[in-house]
Amino acid sequence: MNIAFGHTNMDLDCLGSLILVKKLFPDFALVRSKLIHPAARNLYNLYSNYFNFLNPKDIEEERIDNIIIVDTCIAERVSEYFKYIKNSEPKIYIIDHHNTANCNIFGAQIEGSHFGANTSYLGKLAMEEKIKLCPEEATIALTGIYADTGRLIYDNVCREDFEVAAYLLDMGASLKLVKSFLETIKDDDQILVLNQTLLVMTTHVIQGHTILLSYLELEENVAGLAEVVERVMDIESPDAYFAVFAIPKKKTVLLIARSQNALINLHELLNAYGGGGHQNAGSAKIVDRDGPAFFEEFHAGLEKLLSPATRSKDIMTQNVCTINENKTLLEASLLLENADLSGVPVLSDSGVLTGFIGLRDIMKGRKAEAMNAPIKAYMTRPAISSSGSISMREVERIFYKHHIGHLPIVEDDKLLGIVTRWDYLEYKKRQNQ
Ligand SMILES: [Mn+2]
């Protein structure tokens, strides 16, 4: 017989891939993992009849000819199935979107891709073969794509994910159902923790970063705490959030963290506490510690653990184009046109920033037929400026509040540079999601 399976602890992308394997390779039976990721349980329960899964034990007596493995290429993540494969020398095909250079399933034929979701790769095959899906199958597959791509917004997303999503919509996928399967906060326990967390959390500026902290004591471990932490992160949008949950009965402390700042690497940071994860998501479990004492110590230690935040002077453009306040509006207009700028800082004879002249100011002068008037009569004054040490969050706030796109950086009455909208957007692009 021929079989197909995904990694242990099957997640939504795994299930999306498998439903398409079933359509593309109908003579392959699907085998389920003993573990199903909490996020995928609901979909799995509601659609189990569409998969027709065998249990690993069911294949024990069979001779296996071919195996398709989806969404992993790591032997440890499929060992629960291989335990039951005996007296067979199956051919193995791997379809995976992870880094297949790390593959340790030897002798396998690998079809790798760089797509955001593994489901998208199988979806592309289905599209090319003009396979018709029923709305339920399309919904399962689309949920897989949305889950692995953060609803098509993560850095890993590529055009194929969008193309396959469009095909699945054509096949009748229900976005309402996809949305409900992606809902990560469902249990009353989670909702209670979310509400309590929103009440006790505190915001701190540490090394220039906006850091959110919360401490909560729980009777028992609550399933889905990471999803609660993610929701708080969405609402508050700090640079990083460290949530400490203590379970006094077990003398255990759970530290769950999320970061959206490239300078705060949680994998490195949580190593110090015996934990780990990725750059933007990590956790640690600390045993035999008293909750309040740990929280206090962790908070106090953050100053040392974090490296300084990006400041306005780190991203500003130096060698700023400026103009003297006694020059005419006509000269300002020519300067802006030649340098392809929408505005420049205006300086006094002694080099002090006195204002800002932009296209709109010049327009007023033109309407008044006063193009020979000195700039200082029409410029915006005083120029909004800041020091080089303000955080990116403050730069953003100033842009929004004053409705400007240029922020001159001044220290000791000297113009050091200017942060433009472009500098700011380039900085944002460098941050990972
Ligand atoms: Mn995946």
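Presented here is an overview of the structure given in this document. Just so we're clear, the structure is a prediction, and the values are computed from it rather than from any experiment.

Right, let's get into the pairing of strand β3 (residues 66-70). For a regular strand, the rule is simple: side chains alternate between the two faces of the sheet. The buried fraction of β3 is high, at five of five residues. Residues of β3 alternate between two faces, with N66, I68 and V70 on one and I67 and I69 on the opposite face, all of them buried. Pairing geometry for strand β1 (residues 2-5) and β3, over four bridges, is parallel. If you follow F5 over to β3, its bridge partner there is I69. Across five bridges, the pairing between β3 and strand β4 (residues 91-96) is parallel. Within β4, the residue paired with V70 across the bridge is I95.

On to the environment of M233, then. Tracing the backbone shows M233 in helix α9 (residues 225-236). A relative accessible area of 9% means that M233 is categorised as buried. Put simply, M233 and A257 are 24 residues apart on the chain and 9.4 Å apart in space, counted from C-alpha to C-alpha.

A few words on the packing of aromatic side chains. Taken as a whole and assessed by the stated rule, the structure comprises 14 aromatic pairs. Between F5 and Y81 the ring centres are 3.9 Å apart and the planes differ by 10°, which places this aromatic pair in the stacked class. With F5 in strand β1 and Y81 in helix α3 (residues 79-82), the pair connects residues that are 76 residues apart, well separated along the chain. Overall, Y81 belongs to the buried group, its relative accessible area being 0%. Their ring planes at 15° and their centres at 5.0 Å tell us that F51 and F53 sit as a pair that is stacked. The same class applies to F51 and to F53, which are both buried. Here the aromatic residues F242, Y273, F294 and F298 are joined through ring pairs into a cluster of three or more.

All right, on to helix α11 (residues 291-305) then. A turn of α-helix holds 3.6 residues, and therefore any two residues three or four places apart point the same way. If you check α11, its first and last C-alpha atoms are 20 Å apart, about what 15 residues at 1.5 Å a residue would give, namely 21 Å. At H299, α11 shows its strongest bend, of approximately 25°. Turning to α11, its buried residues number three or more, namely G291, F294, F295, F298 and L302. Looking at the packing, one finds that the buried side of α11 touches β6 (202-206), β7 (209-217), β8 (240-247), β9 (252-259) and β11 (281-287).

Parameters at a glance
The written sequence of each chain sets the order in which its residues are numbered from 1. Under the rules for a predicted model, residues below a pLDDT of 70 receive no local features and side-chain atom pairs below 80 are neither given nor counted, while totals for whole chains, interfaces and linings still include all residues. Calculated side-chain values reflect all of the structure's heavy atoms, with hydrogen atoms and water omitted. Relative accessibility thresholds used throughout: buried, under 20% of the residue-type maximum; exposed, over 50%; partly exposed, between the two (1.4 Å probe, protein chains only). Strands here are runs of E lasting at least two residues and helices are runs of H or I lasting at least four, both read from the DSSP assignment and numbered beginning at the N terminus. Strands pair, by our definition, only if DSSP identifies at least two bridges between them. We call Phe, Tyr and Trp rings a pair once their centres come within 6.5 Å, taking the six-membered ring for Trp, and we label the pair stacked below 30 degrees between planes, edge-to-face above 60, and tilted otherwise. To estimate how far a helix should extend, the number of its residues minus one is multiplied by 1.5 Å. We define the bend at any residue as the angle between the axes fitted to the seven residues before and including it, ending there, and the seven starting there. We call two residues contacting when some pair of their heavy atoms lies within 4.5 Å.

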